[in-house]
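A structural walkthrough
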Amino acid sequence: MSNENQQSIIGADVEIIGTIKSTGSIRLDGKLEGELLCGGNAILGKEAEIKGNITATSVSIEGKINGNILAKDKIEMKATATVNGDIKARRLAVEDGVTFVGRSEVNPNASAQPTPPSAPQPPQQGAPQK
Amino acid sequence: MAGKRTKVMDGYSVVRSLEKAKQDGVLTKPGALRAKEDRSSHLKPTAKPGDSPHIIKTIQPTKRTVRCFECGYECQLSGITNAIYCSKCRERIDMGDYVIDGPWSEEIKTGGSVLIKPTGRLEKVHVMAGSVIFEGSMDEDSTLECTQWLEICGDAEPDPRQITMRNLRISAGTSMKFKYKLQVNHLELMGTLEADIEAAGLVSIREGGHLKGTVRGAHLEVEEGGGLSARAFIWPQGNPAELDS
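All values derive from a computational prediction rather than experimental measurement. (Residues numbered from 1 in each chain as written. Chains lettered and ligands numbered in written order. Predicted model: local features only at pLDDT ≥ 70, side-chain atom pairs only at ≥ 80, totals over all residues. Heavy atoms only, no water.)

1. Points about the overall build of chain A
Put simply, the rule reads: A run of H or I in DSSP counts as a helix once it spans at least four residues, and a run of E counts as a strand once it spans at least two, with each numbered from the N terminus. Classification of residues uses two cut-offs on accessible area relative to the type maximum, computed with a 1.4 Å probe and protein chains only: under 20% is buried, over 50% is exposed, and between them is partly exposed. The contact criterion used is simple: two residues touch if any of their non-hydrogen atoms lie within 4.5 Å. Exposure was quantified through the Shrake-Rupley algorithm and a 1.4 Å probe, taking into account, for residues, occlusion by the shown protein chains and nothing else.
A count of helices and strands for chain A gives zero helices and 15 strands. With 130 residues in all, chain A has 43% of them scored as buried. Of the contacts formed within chain A by residues at least 6 apart in sequence, a portion of 7% connects residues at least 24 apart. Carbon and sulfur atoms make up 45% of the accessible area of chain A, which amounts to about 7,200 Å² in all.

Shown next, in the form of C-alpha cells:
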C-alpha cells in the first residue's frame, strides 16, 4: 500500500527533537529541532517552529524556519512566514509580509533539477571557472 | 369685479390660486382624474432605485502624484490638465505629455509623462518628468530624472549612472544590470535585473521576471513563475540589528 497520498499531522502542542522522515505529505504545526525529510508536500502552519533543514517536493510556510529549504518543485511563503536560511526550488511564490534572510536560488526557466543548498556540487574539471 | 382679476399670471399668482383652491377643497390630487392604467402586463421591478449600481457605485478618476521640481512638495492630481501651480511654492509645473521618436536635444521639465520610442534618442539633454517609458537610447551627455515611475522596455539599456528614478519597472523581455547600488522606492520586475537593490517600498517580481544579486528591504512579493537568484534581507518590521542599536 502506498503512503504517498497520506498526510501526517503533527499538532501545535507537539515538540520533536530529531529527524522526521515521511514518504507522504506532512502538516506540522508544532516545534521541530532537527531535519525534516518529506517525499510529498510539507505544510508548515502558523504555529510551526523549525530549527533544521527541510527537504520536500513542495513546501508551504506560514511559521518560523531557521534552516535551509530544498524543494524539488515549489516553495510557497505566506505573509506570516519567517525564514532564516537558504532556499532552493524550481518555483517560488512569496506573499508580501514575509521575513526572509538568506540566499535564494529559484529560476523557473532553468531545466536542471535543484541540488541541496547545503551541499553544492564542485565544478567539473576542465569547466570554465567564473 | 374685473379689477380683482389677475391679468398677468406670474408665479406668485399661481401659488396663491393653488392655495385658495386647496382651502376650498377644489384642488384634486395630482393624477386623480387620470384614468387608471392597466399595469397587469408590467413586470414588477426586481431592484429598488437605491440598489442601482449607477447611483450607489461611482468610479473615481485615477489620481497621480505630482512632485514640484523646485521645492519637492507632492500633491495628488486627478484628471488631465496642461499645467498646475505648486500649492507650496506657487511654481508652475508643466503637465504636458511628450513622445520622442527621433533625436531630441530640447530640455523637458514636466510633471506628465515622456515616452521615448525605440527610434527616440536623447542627445545632450536633461529630461525631468513624472513618469518615463524608455524604449530608445541616450548619449553619454544626457540625463533622465523621474519623480515617479521609470519603465524600461524593449532593448533599451540606459547607463544606470545617467538615470534617476523613484520607482523602477523592468518590462518583460528586458534585461538590465546595475553595477552600483540601486536605491528605489518600489521595484516591479517583469524582465531580468541584476543589481544590489535597496528598496524602501515593495519589490515585486512578476511572472517571467528574474532578480539576481542582492535585495534589501521591507517588502518582497514573488508571483509564481518569477525567479529570485539573490541574497535577500527582507524585514517588514525593520532590520532587528538596527532596531536594537
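2. Structural notes on the nonpolar core
For clarity, the cut-off: Buried residues of nine kinds, namely Ala, Val, Leu, Ile, Met, Phe, Trp, Tyr and Cys, make up a nonpolar core once their side-chain atoms join them within 4.5 Å.
Leu44(A), Ile61(A), Met77(A), Leu144(B), Leu150(B), Leu168(B) and Leu193(B) are the most contacted members of the largest nonpolar core, which totals 69 residues. A total of six residues in this core trace back to one element, the largest contributor, which is strand S19 (residues 192-205) of chain B. Contacts of Leu150(B), omitting those with residues within four sequence positions, involve Val132(B), Phe134(B), Leu144(B), Ile163(B), Met165(B), Asn167(B), Leu168(B) and Arg169(B). One finds Val66(B), Cys68(B), Leu77(B) and Cys86(B) within the second-largest nonpolar core, a separate group that totals ten residues.

3. What to know about the pairing of strand S16 (residues 167-170) of chain B
Residue and element names in this part refer to chain B. Defined as follows: In short, DSSP must find at least two bridges between two strands for them to pair.
Taking every second residue as pointing to the same face, both faces of S16 are buried, with Asn167 and Arg169 on one and Leu168 and Ile170 on the other. Pairing of strand S14 (residues 149-152) with S16, which is carried by four bridges, proceeds in the parallel orientation. Considered in S16, the bridge of tryptophan 149 is made with asparagine 167.

4. Some remarks on the sheet that holds strand S7 (residues 108-109) of chain B
Ordered in space as S7-S10-S13-S15 (chain B), the four strands form an open sheet in which the pairing is parallel. Only two strands of the sheet have a single partner each, and these edge strands are S7 and strand S15 (163-164) of chain B.

5. Considering the interface of chain A and chain B
The cut-off we apply is this: In short, buried area is how much 1.4 Å probe accessible area vanishes from two parts on joining, totalled over both. Think of a salt bridge as a Lys or Arg side-chain nitrogen and an Asp or Glu carboxyl oxygen that are within 4 Å of each other. Between N or O atoms, a polar contact is any pair within 3.5 Å; within protein, one atom must be a potential hydrogen donor and the other a potential acceptor, and residues adjacent in sequence are included only when both atoms are from side chains.
Contact residues are listed per partner, giving 19 residues for chain A and 20 residues for chain B. In total, chain A and chain B occlude about 1,600 Å² of area from one another, counting both sides; carbon and sulfur atoms represent 50% of this. At the boundary of chain A with chain B, the tally comes to two salt bridges. For Glu224(B), the salt bridge goes to Lys74(A), with nearest N and O atoms at 2.8 Å. Counting across the chain A and chain B interface gives nine residue pairs in polar contact (both at pLDDT 80 or more). Going through the elements one at a time, strand S14 (91-94) and strand S15 (99-106) of chain A are the ones with two or more residues in the side of chain A that touches chain B. For the side of chain A that touches chain B, the element with the highest residue contribution is S15(A), accounting for eight residues.

6. What to know about the confidence of the model for chain B
Definition in use: Per-residue confidence from the predictor is reported as pLDDT, which spans 0 to 100.
With 82% of its residues at a pLDDT of 70 or more, chain B has an overall mean of 85. Across the whole predicted complex the pTM is 0.75, and at the interface the ipTM reaches 0.81.

7. Brief notes about unusual backbone geometry
As a rule of thumb, non-glycine residues mostly have phi less than zero, and peptide bonds are mostly trans rather than cis. Residue and element names in this part refer to chain B. In this structure, arginine 90 is a non-glycine residue whose phi angle is positive, near 65 degrees. Within the fold, arginine 90 resides in the loop between strand S3 (83-85) and strand S4 (92-94). A positive phi angle, near 45 degrees, is found at lysine 124, a position not held by glycine. Structurally, the position occupied by lysine 124 is in the loop between strand S9 (121-122) and strand S10 (126-129).

8. With respect to the environment of Ile20(A)
Structurally, the position occupied by Ile20(A) is in strand S3 (residues 20-22). On a C-alpha basis, the gap between Ile20(A) and Arg91(A) in space is 24 Å, while along the polypeptide they are 71 residues apart.

9. Some points on the side chain of Gln148(B)
Within the secondary structure layout, Gln148(B) lies in the loop between strand S13 (143-146) and S14. Apart from residues no more than four positions distant in its own chain, Gln148(B) is found in contact with Thr65(B), Glu74(B), Gly130(B), Arg166(B) and Asn167(B).

10. Things to note about the sheet that holds strand S12 (residues 137-138) of chain B
Residue and element names in this part refer to chain B. On the basis of which strands lie adjacent, the open sheet formed by three strands has the order S6-S9-S12 and parallel pairing. This sheet does not close on itself; its edge strands, each paired only once, are strand S6 (103-104) and S12. Sheet topology places S9 next to S12; two bridges connect them, and they run parallel. By the bridge assignment for S12, leucine 122 is matched with methionine 138.

11. Side note on the pairing of strand S9 (residues 54-61) of chain A
Residues and elements named next belong to chain A. Burial runs high along S9: six of the eight residues are buried. Here strand S6 (residues 36-38) runs beside S9; their pairing, made up of two bridges, is parallel. The residue bridging leucine 37 from the neighbouring strand is threonine 55, located in S9. As paired strands, strand S7 (residues 41-44) and S9 are joined by four bridges and run parallel to one another. Looking at the pairing, leucine 44 lines up with isoleucine 61 of S9. Note that S9 and strand S11 (residues 69-77) share seven bridges and pair parallel. Bridge assignment links isoleucine 54 to a residue of S11, and that residue is isoleucine 69.

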